[in-house]
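Each chain, letter by letter, is given below.
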Amino acid sequence: QTVRDLFVQRKVMLNGVALSDGRGRITEFCRVEVDGNILQARKAIYVMLHKPKGCVSATSDAKNKTVLDFIDFPEKESLHLAGRLDFNTTGLLLLTNDGKWSRKLTQPQQKIPKTYWVKTQNEITLEYVKKFADGFYFQFEDLTTLPAELTIMSSHTALLTIYEGRYHQIKRMFGFFQNEVLELHRVSMGNISLDENIAAGEYRVLTAAEIVSV
Ligand code: URA
């Protein structure tokens, strides 16, 4: 029998509903059955982890703890990271098995705002605000960073929003002032904010509203 026959006999099911032709859009996470056999039934998973200090943003590592070590459900091996944080940076880290979704958060062209709480060795003065807005020249990449928004919270703390993610970007920005970053904590990525009820090392799945906000 032909594929057309399978449609006519209502044997091709998309998410539990019979398809009458092959024009319906079948994507990675649809459940597809043909004549009672499951062809695919992958479930999309989206997780926010409150990354603690002292682990690498990778799914495997020869010597260090990874962020996956903090997650314990069976499908966790299918997850990848939607953006990374340095070893001792804490805060919002997103994991998923949906590559299309994570690309929307991580592709440089998307210019997704990422907000961090920063604590520094030396005082953060008003002149910093203009410099962050003007950009920093990074010699290694031969580029100037996009305008970033610095809000001074106290003498040694600030909130910083950047729209890209260069290697050790924030530490290098403060390095321009010879001001060492002592604590770095990601508060949000795009419309998704770290849930304050999640302690460091804990995680939860995203809500439907958070998933569609990307
Ligand atoms: N900038 C840094 O320097 N480190 C991070 O983890 C994130 C941004």
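Heads up: the structure comes first, above all this text.
Residues numbered from 1 in each chain as written. Predicted model: local features only at pLDDT ≥ 70, side-chain atom pairs only at ≥ 80, totals over all residues. Heavy atoms only, no water.

1. Side note on the overall build of the protein chain
In plain terms, the rule: For the purposes of this entry, the term helix denotes a DSSP run of H or I that reaches at least four residues, the term strand denotes a run of E that reaches at least two, and both are numbered from the N terminus. Atoms considered for the radius of gyration are the C-alpha atoms alone. The globule rule reads 2.2 Å times the number of residues to the power 0.38. With a 1.4 Å probe rolled over the protein chains alone, any residue whose accessible area is under 20% of its type maximum counts as buried; one over 50% counts as exposed, and the rest are partly exposed. Residues count as neighbours in contact if any of their non-hydrogen atoms are within 4.5 Å of one another. Only the protein chains shown count as cover for residues, and the accessible areas themselves come from Shrake-Rupley with a 1.4 Å probe.
Tallying secondary structure elements over the protein chain gives five helices and 15 strands in all. The C-alpha radius of gyration computed for the protein chain amounts to 22 Å, which surpasses the reference 17 Å derived for 214 residues by more than 25%, pointing to a less compact arrangement than a globule. Each of the three principal axes of the protein chain carries a C-alpha extent, and together these read 75 × 35 × 30 Å. For the protein chain, with 214 residues in total, the buried portion stands at 40%. Taking the intrachain contacts of the protein chain between residues at least 6 apart in sequence as the baseline, contacts between residues at least 24 apart amount to 60%. When the accessible surface of the protein chain is totalled, it reaches about 12300 Å², and 51% of it is carbon and sulfur.

2. Thoughts on the pairing of strand S13 (residues 181–189)
Note the cut-off: We treat two strands as partners when DSSP finds at least two bridges between them.
Strand direction decides the pairing type here: strand S7 (residues 90–96) and S13, joined by two bridges, are parallel. Bridging from a neighbouring strand, Thr 90 pairs with His 185 of S13. As judged from the seven bridges shared by strand S8 (residues 114–120) and S13, these two strands associate in the antiparallel manner. Looking at S13, one finds that Thr 115 is bridged to Ser 188. Where S13 meets strand S14 (residues 192–193), two bridges bridge the pair, whose relative direction is antiparallel. The residue bridging Ser 188 from the neighbouring strand is Ser 193, located in S14.

3. Notes on the site of the ligand
Cut-off, in case you're wondering: Nearness of a residue to a molecule or strand requires only that one of the residue's heavy atoms be within 4 Å of it. Pairs of N or O atoms within 3.5 Å make up the polar contacts considered here, provided that, within protein, one atom can donate a hydrogen while the other can accept it, and that residues adjacent in sequence are counted only when both atoms are side-chain atoms. Only Asp, Glu, Lys and Arg are considered charged, only Ala, Val, Leu, Ile, Met, Phe, Trp, Tyr, Cys and Pro nonpolar, and every remaining residue, Gly among them, polar.
Taken together, Leu 85, Asp 86, Thr 89, Tyr 116, His 168, Gln 169, Ile 170, Lys 171 and Leu 184 make up the full set of residues near the ligand. The side chain of Thr 89 places a nitrogen or oxygen atom 3.0 Å from an oxygen atom of the ligand. About the coverage of the ligand: the protein hides 94% of its 240 Å² of free accessible area. With three residues, helix H4 (residues 169–175) is the largest single contributor of residues to the shell around the ligand. Grouping the amino acids of the shell around the ligand by side-chain chemistry returns four nonpolar, three polar and two charged.

4. Side note on the packing of aromatic side chains
Heads up, the condition is: Put simply, two rings from Phe, Tyr or Trp (the six-membered ring, in Trp's case) pair if the centres are within 6.5 Å, and we call them stacked under 30 degrees between planes, edge-to-face over 60, tilted for the rest. The criterion is that NZ of a Lys, or CZ of an Arg, lies within 6 Å of the ring centre and within 35 degrees of the ring normal, and then a charge sits over that ring.
Tallied over the full model, the rule gives ten aromatic pairs. The interplanar angle of 65° and the centroid separation of 4.9 Å between the aromatic rings of Tyr 46 and Trp 101 together place this pair among those described as edge-to-face. With a gap of 55 residues between them, Tyr 46 in strand S5 (residues 46–51) and Trp 101 in helix H2 (residues 99–106) connect regions that are remote in the sequence. For Trp 101, a relative accessible area of 4% gives the class buried. Look at Phe 136 and Phe 177: their rings are 6.2 Å apart centre to centre, the planes differ by 85°, and that puts the pair in the edge-to-face class. Within this pair, whereas Phe 136 is found in the loop between helix H3 (127–134) and strand S9 (137–138), its partner Phe 177 is found in the loop between H4 and S13, the two being separated by 41 residues in sequence. Given a relative accessible area of 2%, Phe 136 falls into the buried group. Cluster of aromatic residues (ring-pair linked, three or more members): Tyr 128, Phe 132, Phe 136, Phe 174, Phe 176 and Phe 177. One cation-aromatic arrangement involves Lys 131 over Phe 136; the distance from NZ or CZ to the ring centre is 5.3 Å.

5. A short note on the pattern of salt bridges
Operational definition: Any carboxyl oxygen of Asp or Glu that lies within 4 Å of a side-chain nitrogen of Lys or Arg is treated as forming a salt bridge with it.
One pass over the structure, following the stated rule, counts eleven salt bridges. Put simply, Lys 11 and Asp 35 hold a salt bridge, and the shortest N to O gap is 3.7 Å. Of this pair, Lys 11 sits in the loop between helix H1 (3–8) and strand S1 (12–14) while Asp 35 is found in the loop between strand S3 (32–34) and strand S4 (37–40), placing the two residues 24 residues apart along the sequence. When the shortest N-O distance is used, the salt bridge between Glu 33 and Arg 31 registers 3.1 Å. Owing to a relative accessible area of 17%, Glu 33 belongs among the buried residues under this scheme.

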